[in-house]
There are 2 protein chains.
Amino acid sequence: MADVARAAGVSVASVSNYLNHRPYMTEAMRARIAAAVADLGYQVDAAARNLRSGQTRLLKLSIPDLRQLYFAELAEDFLAQARAHGYGVIVESTSNNRDRELESVRSMGTRLADGLILSPQLMTHGDEPMLAGDWPLVVLGERLFDAPAPHVAIGNRAGAKAVVRHLLAAGCRRIAVVGGVRAALPARPAAVGLPGAPAGAPAELSSGVVRTRAFLDAMREAGAPVDARLIAEPEGWGSQDGRRAVRRLLDAGERFDAVFALNDLLAWGVLRGLRDRGLRVPEDVRVVGFDNLDESAAMSPSLTTVDPHRRQIARLAVESLLAQIEEGRRAPAGTIEVPASLVCRESSPAR
Amino acid sequence: MADVARAAGVSVASVSNYLNHRPYMTEAMRARIAAAVADLGYQVDAAARNLRSGQTRLLKLSIPDLRQLYFAELAEDFLAQARAHGYGVIVESTSNNRDRELESVRSMGTRLADGLILSPQLMTHGDEPMLAGDWPLVVLGERLFDAPAPHVAIGNRAGAKAVVRHLLAAGCRRIAVVGGVRAALPARPAAVGLPGAPAGAPAELSSGVVRTRAFLDAMREAGAPVDARLIAEPEGWGSQDGRRAVRRLLDAGERFDAVFALNDLLAWGVLRGLRDRGLRVPEDVRVVGFDNLDESAAMSPSLTTVDPHRRQIARLAVESLLAQIEEGRRAPAGTIEVPASLVCRESSPAR
DNA sequence: CTGAAAGCGCTAACAA
DNA sequence: TTGTTAGCGCTTTCAG
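Residues numbered from 1 in each chain as written. Chains lettered and ligands numbered in written order. Predicted model: local features only at pLDDT ≥ 70, side-chain atom pairs only at ≥ 80, totals over all residues. Heavy atoms only, no water.

## Side note on the sheet that holds strand 10 (residues 304–307) of chain B
Residue and element names in this part refer to chain B.
Then, in step 1: Across the sheet, which stays open at both edges, the six strands sit in the order 7-6-8-9-10-12 with mixed pairing between neighbours. Two strands lie at the open edges of the sheet, namely strand 7 (231–232) and strand 12 (341–343), each paired on one side alone.
Then, in step 2: Pairing of strand 10 with strand 12, which is carried by three bridges, proceeds in the antiparallel orientation. By the bridge assignment for strand 12, T305 is matched with V343.
Then, in step 3: Here helix 11 (residues 264–276) sits on the sheet and contacts strand 6 (175–178), strand 8 (258–261), strand 9 (286–290) and strand 10; the angle it forms with strand 9, its principal contact strand, is near 160°. (Pairing = 2+ DSSP bridges. Helix = DSSP H or I, 4+ residues; strand = E, 2+ residues; numbered from the N terminus. Contact = heavy atoms within 4.5 Å. Axes fitted to C-alpha atoms, helices over the stretch in contact; angles between N-to-C directions.)

## Some remarks on the interface of chain B and chain A
How big an interface is tends to be reported as the loss of accessible area on association of its parts.
Then, in step 1: Counting residues at the interface gives 46 residues for chain B and 46 residues for chain A.
Then, in step 2: Between chain B and chain A, roughly 4100 Å² of surface is buried when both sides are summed, and carbon and sulfur atoms account for 49% of that area.
Then, in step 3: One can count 10 salt bridges joining chain B with chain A.
Then, in step 4: Note that R111 of chain B is salt-bridged to D45 of chain A, the shortest N-O span being 2.3 Å.
Then, in step 5: Applying the counting criterion to the chain B and chain A interface returns 28 residue pairs in polar contact (both at pLDDT 80 or more).
Then, in step 6: For the side of chain B that touches chain A, the secondary-structure elements that each account for two or more residues are helix 4 (46–53), helix 5 (69–84), strand 2 (88–93), helix 6 (98–106), helix 10 (239–251), helix 11 and helix 12 (294–298) of chain B.
Then, in step 7: Here the side of chain B that touches chain A gets eight residues from one element, more than from any other, and that element is helix 5 of chain B.
Then, in step 8: Tallied by class, the residues present in the side of chain B that touches chain A amount to 20 nonpolar, 10 polar and 16 charged. (Buried area = accessible area lost by both parts, 1.4 Å probe. Salt bridge = Lys/Arg side-chain N within 4 Å of Asp/Glu carboxyl O. Polar contact = N/O pair within 3.5 Å; in protein donor to acceptor, adjacent residues only side chain to side chain. Nonpolar A, V, L, I, M, F, W, Y, C, P; charged D, E, K, R; others polar.)

## Some remarks on the relation of the copies chain B and chain A
Then, in step 1: Superposing chain B onto chain A takes a rotation of 180° combined with a translation of 0.0 Å along the rotation axis, leaving an RMSD of 0.1 Å. Here the symmetry operator amounts to a two-fold rotation axis. The rotation axis passes nearest to the C-alpha of I90 of chain B in chain B, at a distance of 2.1 Å.
Then, in step 2: Take the interface residues of chain B: 100% of them recur as interface residues in chain A, which is what a same-surface contact looks like. (Least-squares fit on C-alpha atoms with pLDDT ≥ 70 in both.)

## Topic: the pattern of salt bridges
Then, in step 1: Considering all chains together, one arrives at 52 salt bridges over all chains under this definition.
Then, in step 2: Taking the shortest distance from any N to any O, the salt bridge between E295 of chain A and R272 of chain B comes out at 3.3 Å. One end of the pair, E295 of chain A, is in helix 12 (residues 294–298); the other, R272 of chain B, is in helix 11, on a second chain.
Then, in step 3: Residue classification places E295 of chain A among the buried positions, given a relative accessible area of 11%.
Then, in step 4: For R272 of chain B, a relative accessible area of 8% translates into the label buried.
Then, in step 5: A salt bridge links E235 of chain B to R244 of chain B; its shortest N-O distance comes to 3.5 Å.
Then, in step 6: By relative accessible area, which is 40% here, R244 of chain B ends up partly exposed.
Then, in step 7: Several salt bridges share partner residues, and in doing so they unite R67 of chain A together with E73, D77, D294, R310 and R311 of chain B into one network. (Buried < 20%, exposed > 50% of the residue type's maximum accessible area, 1.4 Å probe, protein only.)

## Considering the UniProt feature "domain: HTH lacI-type" (unreviewed entry) in chain A
Then, in step 1: Look at the UniProt record and you will see "domain: HTH lacI-type" (unreviewed entry) annotated at residues 1–53 of chain A.
Then, in step 2: Secondary structure over residues 1–53 of chain A splits into 70% helix and 0% strand, and the C-alpha atoms at its two ends are 16 Å apart. (UniProt positions renumbered as here; feature names shortened; annotations may be inferred.)

## Let's talk about the side chain of S93 of chain A
Then, in step 1: In this fold, S93 of chain A is placed in strand 2 (residues 88–93).
Then, in step 2: Overall, S93 of chain A belongs to the buried group, its relative accessible area being 2%.
Then, in step 3: Reaching out from S93 of chain A, the side chain makes a polar contact with the side chain of E76 of chain B at a distance of 2.6 Å.
Then, in step 4: With residues near it in sequence (within four places) discarded, S93 of chain A still touches I63, P64, D65, L66 and R100 of chain A together with E76, L79 and R83 of chain B.

## Describing the sheet that holds strand 6 (residues 175–178) of chain A
Residues and elements named next belong to chain A.
Then, in step 1: Taken in spatial order, the six strands make up an open sheet running 7-6-8-9-10-12, and their pairing is mixed. The sheet is open, and its two edges are formed by strand 7 (231–232) and strand 12 (341–343), each paired on a single side.
Then, in step 2: Across two bridges, strand 6 lies against strand 7 in parallel orientation. Looking across to strand 7, one finds that V178 is bridged to A232.
Then, in step 3: The strands touched by helix 8 (residues 156–169) within the sheet are strand 6, strand 8 (258–261), strand 9 (286–290), strand 10 (304–307) and strand 12, with strand 9 carrying the most contacts at an inclination of about 170°.

## Some points on the protein's contact with DNA strand D
Then, in step 1: The full set close to DNA strand D counts 22 residues, and R52 of chain A together with M1, Y42, R49 and R52 of chain B are the nearest of them.
Then, in step 2: What you see for DNA strand D is that sugar and phosphate hold 66% of its atoms within 4 Å of the protein.
Then, in step 3: Within the contact set of DNA strand D, a phosphate oxygen lies 3.2 Å away from a backbone nitrogen or oxygen of M1 of chain B.
Then, in step 4: D45 of chain B is positioned such that a nitrogen or oxygen atom in its backbone is 3.2 Å from a phosphate oxygen of DNA strand D.
Then, in step 5: Its residues assigned to classes, the surface near DNA strand D shows 12 nonpolar, five polar and five charged. (Near = heavy atom within 4 Å.)

## So, the packing of aromatic side chains
The geometry of an aromatic ring pair is captured by two quantities: the separation of the ring centres and the angle between the planes.
All names here are of chain B.
Then, in step 1: Scanning the model with the defined rule gives seven aromatic pairs over all chains in all.
Then, in step 2: Relative to F260, the ring of F215 lies with its centre 6.0 Å away and its plane at 50°, an arrangement referred to as tilted. Residue F215 is found in helix 9 (residues 203–222), and its partner F260 is found in strand 8; the two are separated by 45 residues along the sequence.
Then, in step 3: Note on F215: relative accessible area 1%, which makes it buried. (Phe/Tyr/Trp six-rings, centres within 6.5 Å; stacked < 30°, edge-to-face > 60°.)

Structure, rendered in C-alpha cells:
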C-alpha cells in the first residue's frame, strides 16, 4: 500500500480511503491512485484487512451433506445470496457427524467467518449452551431444539396442507405417507425415544416427525380419516428407501390412491416401486413429493411436489445474518417460516 | 493471548509455542497453559494468525454449479480431503459465467485463500496469462487450454475404452452416442467454431468433444465401424436433453443396440426416452453413462456407468495443492490423469 | 527451555 | 480534504 501511495504521490491513508470507497476525495486524487493501483497490480491483503477491521467478509455454511441434492441446491442459493452482498462462503459438510457439527460451531470463536448459517442435524436439546454467544448465527431447518438465534424454517404445515387439499380435491381417500413417523400419531403421543432413533434424533426423523404431524393436522382439519397402516417408515430418506417402503405397503396388501412422500428422493423411489408393480401414476396412484428438486421436474412422470422456496430461505437467512453482523450482535431467537407451496406436475395433476 | 500468558504465569511466546504444538516444553508448563486456555475459553484469532503467518489454511474451490450433481459430489470429496489436512474450503460457484470464473482467479491476489482448485468452464485459449503467478493452483477437468499449472484430468480415454470393450463384448454393433459431438469425427477435423458453441466453448461441449474422440479412438482400435448418424447432439447435458436426443434418434428411424451417454444425467434421460417408446433396457438397448453419480446406482434399472473416481481426483488435486503451498510456489504444468473404470449394473450387465 | 520485542499490512483516529 | 501514526493479535527471531 505504501508503494501505491508513493507511486501516486499521496499518503497511505488516502489509498485506504480510495480502496474502501470513502467519499470526500478529489477526482484527481482518485484517478492518480487508481492509476497507481493498476500500474502496480496492487491488491489488498485480506489478512491484514481482516485483522484491522475485525471482519472477514466470509460466512460459514454448515450443512450435513452436499451429496444430498437438497443441500446442494440450498448451498448454491446461499452462495448466490452471499455473493450478492459481497461475501464469500466457507462450506462445511458435517457428514451427519455430531462432533463435526459441534466443531463447526465451536470454531466460530476464531472469528474466521463473520457469521454462521447452521443446518443442524444431530444437535439436540441440551446443546443450546454451545450456541451461546453474541456472534451472528442463523439456524436452518426444523426446530430441533431452542437455539438462541433466529431460525429460518421450512413451511411444513403450509406444504402439508396444500398437499392434503390437493389430493382430497382430486378425490383421493386413502393417502399413504412414505417417510412418515408412526410415533407422531396422536394416539401414541410424541415419543421420547423415537423407534430406531439414535440419541440426538437425526433431522431425517425430525423432518419426518414434523411433516407427519403437519400432514395429520391437515387431514384432521379437512375432516379426513387417517389409516395408521398407510404410514410407511423407510430406513433412510434415499430413493431406494422410498422404493422399498412402497413395495412393503403393497406387499402388505394395503390399498391407497395417493402417496405423499416426505421428500423428493423418497418420491423418486415410490415412482419406481409403483412402476415395478405395474401401477400407473397418476391414474392408479397419485404421487406427491416434498423439496422440488430440479430433477423432479425432468423425470417421467414429472413430480408434483412441495416447493419450500429455497431461494427465499437463503435470502432471509443471509439477510438476517448480515443484519446481525452489521449490528455487531446476535439477533433474538424467533422463527421465520417460509410458506411452502405446491407445484403440480404429471404425477398428480391439478385437475 | 496475553491474558492466557498472565493466567498461566508464562510469556506469550510460550503460549504461542503451545498453541502451535511446538516441542521442547516442560510438561508442567504445557499443563498450566492448557488449563489457562480452557479456563479463559481462549481461541486463536484467525485474522491475526493469518496476517503474521502469511497463511490462512483456507483453500478455494471454484466450480461451475453445485446444482449439477457431479460437482456437488466432487465438492463434497474436496471438503473431506481438505478437512483431513486441516484446511477449510471457500466454495465459489461461477454459474457458467466467464466473468465470475476470471474473478475467482483474480481474487487470489488478495491471499484470502492459500490455493485454488479451478474447474474452468468458459476460460479458453488466451486466458493463460490470467493464471500466471506463483500462487498454488490446480486445474480440473478437460484441458481447455494450456494452464501453467498441474492439471488433474478425468480418465476419458480409459473410460471410453472400457465402455467400448464392454459393449462390443456384449455383442452390440450399433452404439449410439448421446452427448457426442459430430465435429469431433475425423472426417470433419476438429472444427474451430463448434456448431452452437458460444465463443470460448463451454466445457460441456469440450467434455463432449473429448469423450467423443475417446470413444471414436476406442472404436477404431477395436476395429468397429462408427455410424455418424448415431452421434446425437443434445441441446444441453441434463436428463431432459438425453430424453429428447434419444427420441430424436428413434424418430429418425435409427436403429441401435446400445447407447453411450456421455454423462449420467443424459443417461437418465435416455432411460426414460427408451421407456417412452416401449424399448426394454438392457434387452433391446443397453445403456451406459459416465460419472457414476450416487443416484445412478439407485435408479431402475440401475445404471452401468463410468466411474471417474472422484475421490481420487480430489485427493490428488488437494495433495498437489498442499505440496505447492508447502513449497511456497506453483508446481510446473503437467497432467495427472486418473484412470476411469466401468461399473456394470442392470442397464448393461457384465454378461 | 523461556521471555522480550519487532513487526506482518492495513484502518481509523486525529491533526493539519 | 489529506497525512501521520498507533495499534489489531499473533509469530518468530534472538538473548538469556
